[in-house]
Amino acid sequence: MTVKDILAAIQSPDSTSEDFAALPLPESYRAITVHKDETEMFAGLATRDKDPRKSIHLDDVPLPELGPGEALVAVMASSVNYNSVWTSIFEPLSTFGFLERYGRTSELARRHDLPYHIIGSDLAGVVLRTGPGVNSWKPGDEVVAHCLSVELESSDGHNDTMLDPEQRIWGFETNFGGLAEIALVKSNQLMPKPDHLSWEEAAAPGLVNSTAYRQLVSRNGAGMKQGDNVLIWGASGGLGSYATQFALAGGANPICVVSSDQKAEICRRMGAEAIIDRNAEGYKFWKDENTQDPREWKRFGKRIRELTGGEDIDIVFEHPGRETFGASVFVTRKGGTITTCASTSGYMHQYDNRYLWMSLKRIIGSHFANYREAWEANRLIAKGKIHPTLSKTYALEDTGQAAYDVHRNLHQGKVGVLCLAPEEGLGVRDHEKRAKHIDAINRFRNV
Ligand SMILES: C/C=C/C(=O)SCCNC(=O)CCNC(=O)[C@H](O)C(C)(C)COP(=O)(O)OP(=O)(O)OC[C@H]1O[C@@H](n2cnc3c(N)ncnc32)[C@H](O)[C@@H]1OP(=O)(O)O
Ligand SMILES: NC(=O)C1=CN([C@@H]2O[C@H](COP(=O)(O)OP(=O)(O)OC[C@H]3O[C@@H](n4cnc5c(N)ncnc54)[C@H](OP(=O)(O)O)[C@@H]3O)[C@@H](O)[C@H]2O)C=CC1
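Residues numbered from 1 in each chain as written. Chains lettered and ligands numbered in written order. Predicted model: local features only at pLDDT ≥ 70, side-chain atom pairs only at ≥ 80, totals over all residues. Heavy atoms only, no water.

- Under the annotation held in an unreviewed UniProt entry, the protein carries the name Crotonyl-CoA carboxylase/reductase and is attributed to Streptomyces tendae.

Structure representation (structure tokens):
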């Protein structure tokens, strides 16, 4: 039995759940990995010069044992997230430390502590097997998976599953991720695949869409409301392309920051009007490595006021981190919110705290999304209210190049990876719904 037989079953319109359940599973499958004995390979290099193409491998790996409450999924497509870039350059930490720590927690978790890490935190595919105790999903179900892995044995996470002390991001802090032909997930990561999307389109939003939903929309994040001025850094990027859609769909006013004409045009196509090209306008928030330039914060704030008719920002959607955080705090209005989920340009932030406390602003830390938020975010995709922002897909063997493009900011929106899917465009079940949204679905393609 090989993965080819699995693909044949997925592509046959006559396959039943029983057929999938009866399919013998292969002993091994192809997966994108990083290797534990290579974690020092970039020592001494600047972050920018660490090349994912050198550290990312395509290996044949043994199929992991299936545990209670888990599912093995045939992955038709996945996507590249920035967490896979971090894994591949071993920053800020090697992810093997996460796997070792997880491995120490239980007999079953020990499976994850291996000399290779199968990465990837998104998938669209078909359930192959479910473990004991799984009743809601069965072989043959077409699914996407969100990337929240929790144990829920502590009451700390019972209100908000992101607060579980054993909270992990699947495919980053666990093994057996989505950039592979088969993935292992906890069954409560599974959600119905939006039926009007192809495999690669369905795999694209998951991680970033859920993150943007919690960070911007949810009461656990900024709790955006109609009319809010929302400053969105990287508005055509992975997170930003969903934050921009949430702002527009929720009646807010996105002020989109991008770094090229082409990206500004994409934001316009999404329906945004207030756009700042940070490159063309040449903002330099740092005079040197240690000193910021408040005059540049003011110039940036003035530009925002020009675009809003004199208003300041209610919510900043932050993720670039060190480079922009001082400016983000400054341009926020009295009582406004800076919500942050990352620090791409550096995690030691510096800002003038007088502007925070004197103007009663709040900084909110946000990370991925709880079970319910991930479900709600996927529901909006399934209803065609929010659309995938897939620009390009790569073959599984070219994942290193795809991660390199994301690392060097050469991509637009989201970058997809075909795993078992032999070509793009497969897996669409509801053609009528798709036709209604086709322009929005294709907005980011080939730009
Ligand atoms: C969905 C997608 C998401 C993304 O893309 S996010 C971007 C990618 N992710 C990242 O860049 C994050 C990577 N992760 C990290 O950098 C690290 O993961 C953290 C900095 C988040 C945490 O570091 P750690 O080493 O895991 O934890 P510690 O807190 O630095 O050290 C643990 C030790 O510190 C003790 N400790 C914790 N809190 C306290 C306290 N309040 N007072 C005293 N001690 C404390 C603990 O007990 C433990 O101790 P003991 O080492 O002895 O076991
Ligand atoms: N905590 C969480 O749950 C999550 C965290 N993340 C983290 O968020 C970050 C962004 O992820 P994602 O959106 O997918 O990545 P992308 O690279 O797709 O998009 C980020 C965008 O941010 C802009 N940007 C990058 N660097 C800077 C800078 N120095 N100053 C201003 N703008 C900058 C760029 O847009 P432009 O050049 O057009 O300005 C870029 O396109 C990553 O660090 C990732 O690890 C992501 C998802 C979830």
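## Side note on the overall build of the protein
Point 1. Per the secondary structure count, the protein includes 15 helices and 20 strands.
Point 2. Buried residues in the protein amount to 59% of all 447 residues.
Point 3. Summarising the internal contacts of the protein: among those between residues at least 6 apart in sequence, 73% fall at separations of at least 24.
Point 4. Of the accessible surface of the protein, which amounts to about 18700 Å², a share of 47% is contributed by carbon and sulfur atoms. (Helix = DSSP H or I, 4+ residues; strand = E, 2+ residues; numbered from the N terminus. Buried < 20%, exposed > 50% of the residue type's maximum accessible area, 1.4 Å probe, protein only. Contact = heavy atoms within 4.5 Å. Areas by Shrake-Rupley, 256 points an atom, 1.4 Å probe, with all protein chains shown as cover.)

## Points about the sheet that holds strand S11 (residues 229–232)
Consider a sheet: its strands pair through backbone hydrogen bonds, and that pairing is either parallel or antiparallel.
Point 1. The strand order across the open sheet formed by 6 strands is S13-S12-S11-S16-S17-S18, and the pairing between neighbours is parallel. Where the open sheet ends on each side, the last strands, each with one partner, are strand S13 (274–277) and strand S18 (362–365). Taken pair by pair, the neighbouring strands of this sheet meet at an average axis angle of 20°, ignoring direction.
Point 2. Two elements, S11 and strand S16 (residues 313–318), share 3 bridges in a ladder whose sense is parallel. The residue of S16 that forms the bridge with Leu231 is Val316.
Point 3. Taken strand by strand, helix H10 (residues 294–308) contacts S11, strand S12 (253–258), S13 and S16, and its axis lies near 155° from that of S13. (Pairing = 2+ DSSP bridges. Axes fitted to C-alpha atoms, helices over the stretch in contact; angles between N-to-C directions.)

## Quick look at the nonpolar core
Point 1. Tyr29, Leu123, Leu190 and Phe368 are the most contacted members of the largest nonpolar core, which totals 110 residues.
Point 2. Per element, the largest residue contribution to this core is 8 residues, and it comes from strand S3 (residues 70–80).
Point 3. Filtering out sequence-adjacent residues up to four positions away, Leu190 remains in contact with Ala71, Val73, Val127, Trp137, Val143, Val144, Ala145, Val185 and Trp375.
Point 4. In this structure, Tyr283, Phe300, Ile304 and Val329 belong to the second largest nonpolar core, which totals 21 residues. (Core = buried A, V, L, I, M, F, W, Y, C linked by side-chain atoms within 4.5 Å.)

## Observations concerning the packing of helix H7 (residues 206–217) against helix H8 (residues 238–249)
Point 1. Where H7 meets H8, the axes come as close as 8 Å, and the angle between the chain directions of the two elements is 50°. Judged by the inter-axis angle, H7 sits oblique to H8. As for the relative orientation of H7 and H8, their crossing is right-handed in sense. Here Val208, Asn209, Thr211, Ala212, Tyr213, Leu216 and Val217 of H7 come into contact with H8, specifically with Gly238, Leu239, Tyr242, Ala243, Phe246 and Ala247.
Point 2. Along the lines of polarity and charge, the residues of the contact of H7 with H8 split into 10 nonpolar, 3 polar and no charged. (Parallel < 35°, antiparallel > 145°, perpendicular 65-115°, else oblique. Left-handed = near helix turned anticlockwise from the far one by under 90°. Nonpolar A, V, L, I, M, F, W, Y, C, P; charged D, E, K, R; others polar.)

## Details of the site of ligand 1
Point 1. Every residue lining ligand 1 is accounted for by Asn83, Trp86, Pro92, Leu93, Phe98, Arg101, Ile169, Phe172, Leu207 and His367.
Point 2. The fraction of the free accessible surface of ligand 1 (1100 Å²) that becomes covered by protein chains is 34%.
Point 3. Elements supplying a minimum of two residues to the shell around ligand 1: helix H4 (82–89) and helix H5 (96–103). (Near = heavy atom within 4 Å.)

## Re the packing of aromatic side chains
Point 1. Using the criterion set out here, one finds 12 aromatic pairs in the structure.
Point 2. A ring pair is formed by Tyr283 and Phe300, whose centres lie 5.1 Å apart and whose planes are at 70°; its orientation type is edge-to-face. Remark: Phe300 occurs in helix H10 and Tyr283 occurs in the loop between S13 and strand S14 (286–288); sequence separation between them is 17 residues. Each member of the pair, Tyr283 as well as Phe300, is classed as buried.
Point 3. Sitting above the plane of the Tyr404 ring, Arg53 keeps its charged end 3.7 Å from the centroid.
Point 4. The side chain of Lys193 reaches across the aromatic face of Trp199, ending 5.2 Å from its centre. (Phe/Tyr/Trp six-rings, centres within 6.5 Å; stacked < 30°, edge-to-face > 60°. Lys NZ or Arg CZ within 6 Å of the ring centre and 35° of its normal.)

## Considering the packing of H4 against helix H14 (residues 399–407)
Point 1. Contact pair H4 / H14: the axes reach a minimum separation of 9 Å and the direction vectors enclose 105°. By the angle between their axes, H4 is roughly perpendicular relative to H14. On H14, the residues touching Tyr82, Val85 and Ile89 of H4 are Ala403, Val406 and His407.
Point 2. Of the residues assigned to the contact of H4 with H14, the class counts are 5 nonpolar, 1 polar and no charged.

## Let's talk about the pairing of strand S19 (residues 390–395)
Point 1. Where S19 meets strand S20 (residues 414–418), 5 bridges bridge the pair, whose relative direction is parallel. Within S20, the residue paired with Leu390 across the bridge is Lys414.
Point 2. In this view, the connection linking S19 to its parallel neighbour S20 by way of H14 has right-handed handedness. (Right-handed = clockwise from strand over helix to strand, strands pointing away.)

## A look at the pairing of S13
Point 1. Side chains Ala274 and Ile276 of S13 all project onto a buried face; the interleaved residues Ile275 and Asp277 project onto the opposite face, where all are buried too.
Point 2. Strand direction decides the pairing type here: S12 and S13, joined by 4 bridges, are parallel. Bridge pairing in S13 places Val257 opposite Ile276.
Point 3. Taken together, S12, helix H9 (residues 261–270) and S13 constitute a β-α-β crossover, and its handedness is right-handed.

## A short note on the UniProt feature "domain: Enoyl reductase (ER)" (unreviewed entry) in the protein
Point 1. As recorded in UniProt, the sites labelled "domain: Enoyl reductase (ER)" (unreviewed entry) are residues 51–417.
Point 2. End C-alpha to end C-alpha, residues 51–417 measures 18 Å, and it is 30% helix and 25% strand. (UniProt positions renumbered as here; feature names shortened; annotations may be inferred.)

## Focus: the sheet that holds strand S1 (residues 28–35)
Point 1. One open sheet accounts for 3 strands, arranged S2-S1-S4; its pairing is antiparallel. One side of each edge strand has no neighbouring strand; the edge strands of this open sheet are strand S2 (57–62) and strand S4 (116–118). Taken pair by pair, the neighbouring strands of this sheet meet at an average axis angle of 60°, ignoring direction.
Point 2. Examined bridge by bridge, S1 and S4 share 3 bridges and lie antiparallel to one another. By the bridge assignment for S4, Thr33 is matched with Ile118.

## Quick look at the state of the cysteines
Point 1. Summed over the entire model, instances satisfying the criterion amount to 0 disulfides.
Point 2. Free of any disulfide, Cys267 has its nearest cysteine sulfur in Cys256, 4.2 Å distant.
Point 3. Judged by its relative accessible area of 0%, Cys267 is buried.
Point 4. Lacking any disulfide linkage, Cys419 is separated from the closest cysteine sulfur, that of Cys147, by 15 Å.
Point 5. Judged by its relative accessible area of 7%, Cys419 is buried. (Disulfide = S-S within 2.5 Å.)

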